[in-house]
Amino acid sequence: MKKRIRLLGGMFAAAFLLGVVLVSAQQPEPPPAPGPQSQGQPPRPPMDPLGDSMFPPDMIMQHARELDLTQEQKTFMRSEMQKTTTRFIELQWQLQDAMEALHETMKANSVNEQQALAQLDKVLDAEREIKRLHIGMGIRIKNQLTAEQQTKLQSMRHSMKGPGPGGPGGPGGPGPGGPQRPPDGPSYPAN
C-alpha cells in the first residue's frame, strides 16, 4: 500500500511540476539586464509566478509529520491527488492525440490553414485544461492547510533554496548550482 501511495505521489508530483512548467512557459521573459553579468551567459529561465504561493504535494507529503497534518488533511490530499492523477492521464492522452493530428495536418505540402488552426485549438484546449487541473488542485490543497502549516512550508522552501541569485550556491554564483563549464564549451547552468 505504501509503495502504491509513493508511486501515486511521484506520478502526481511529476504531473504537478509539468503543469507549473507549462504555466511558467506561457509567461513573458524579462529582457536581460545590461552589464557584465549578462554577457557570455545564457538567459536564465523565467521565474515561476505562482511558485511562492503554491506548495508541491510531494513536499507536503514528505513533511507531513513536521507539519502535523491531521488524518482528515491526509485523506483529503490523497483523494485530490488520485482524482487529479486520473484526470491528468486522460488529458495527456487527449493532448497527445491532438498533437499527432496537428503534426499530420502540418506535414502536407500545402497546409489547410483553417484545419490546422482548428487542430491547434484542440491542442491549446488540452494544455489549458491540464494547467487548470493542476492549479485547481494546488488551490484546494493549499486551502486545507492552516496558516501555521503554510508558514512552515514557506520556511522549508526558503531553507531548501539557499542563497538567492548570484550568492554562493545560487544561480550565477560559485558552488553547486552555479555555472559549470565543460572542458571546451560555453558555460551553462547545472541542473
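First, a word on scope: everything that follows refers to the structure included in this document. (Residues numbered from 1 in each chain as written. Predicted model: local features only at pLDDT ≥ 70, side-chain atom pairs only at ≥ 80, totals over all residues. Heavy atoms only, no water.)

1. Regarding the pattern of salt bridges
And then number 1: This model, assessed by the stated rule, comprises five salt bridges.
And then number 2: Here K152 makes a salt bridge to E148, at a shortest N to O gap of 3.7 Å. Of this pair, K152 and E148 are both found in helix α6 (residues 147–161), four residues apart, which corresponds to roughly one turn of the helix.
And then number 3: Each of the salt bridges in this network shares a partner with another, and the network as a whole consists of E80, K83 and R140. (Salt bridge = Lys/Arg side-chain N within 4 Å of Asp/Glu carboxyl O. Helix = DSSP H or I, 4+ residues; strand = E, 2+ residues; numbered from the N terminus.)

2. Quick notes on helix α4 (residues 71–107)
And then number 1: In a regular helix each residue adds 1.5 Å, so 37 residues correspond to 54 Å; α4 covers 53 Å between its end C-alpha atoms and thus fits that length.
And then number 2: Looking at α4, one finds that the buried residues are Q73, M77, E80, M81, T84, T85, F88, L91, L95, A98, L102 and T105. (Expected span 1.5 Å × (residues − 1). Buried < 20%, exposed > 50% of the residue type's maximum accessible area, 1.4 Å probe, protein only.)

3. Focus: a nonpolar patch on the surface
And then number 1: A contiguous nonpolar surface patch, about 230 Å² in accessible area, is contributed by L117, L120 and L124.
And then number 2: For L120, the location among the structural elements is in helix α5 (residues 113–144). (Patch = residues over 30% accessible without salt bridge, like charges linked within 9 Å, V, L, I, M, F, W, Y side chains within 5 Å. Areas by Shrake-Rupley, 256 points an atom, 1.4 Å probe, with all protein chains shown as cover.)

4. Details of unusual backbone geometry
And then number 1: Although it is not a glycine, D68 sits at a positive phi angle of roughly 55°.
And then number 2: As for its position among the elements, D68 is in the loop between α3 (64–67) and α4.

5. A look at the side chain of R157
And then number 1: Within the fold, R157 resides in helix α6.
And then number 2: Judged by relative accessible area, R157 falls into the buried class, the value being 12%.
And then number 3: Filtering out sequence-adjacent residues up to four positions away, R157 remains in contact with G51, D52, M54, F55 and M59. (Contact = heavy atoms within 4.5 Å.)

6. Structural notes on the packing of α4 against α5
And then number 1: One way to put it is that α4 packs onto α5 with a least axis distance of 9 Å and a crossing angle of 170°. Regarding the angle of α4 to α5, the classification is roughly antiparallel.
And then number 2: Counted by class, the contact of α4 with α5 contains 19 nonpolar, eight polar and six charged residues. (Axes fitted to C-alpha atoms, helices over the stretch in contact; angles between N-to-C directions. Parallel < 35°, antiparallel > 145°, perpendicular 65-115°, else oblique. Nonpolar A, V, L, I, M, F, W, Y, C, P; charged D, E, K, R; others polar.)

7. What about the environment of R140?
And then number 1: Looking at the secondary structure, you find R140 in helix α5.
And then number 2: Its relative accessible area of 34% is what places R140 among the partly exposed residues.
And then number 3: Setting aside residues no more than four positions away along its own chain, R140 makes contact with F76, E80, T84 and L133.

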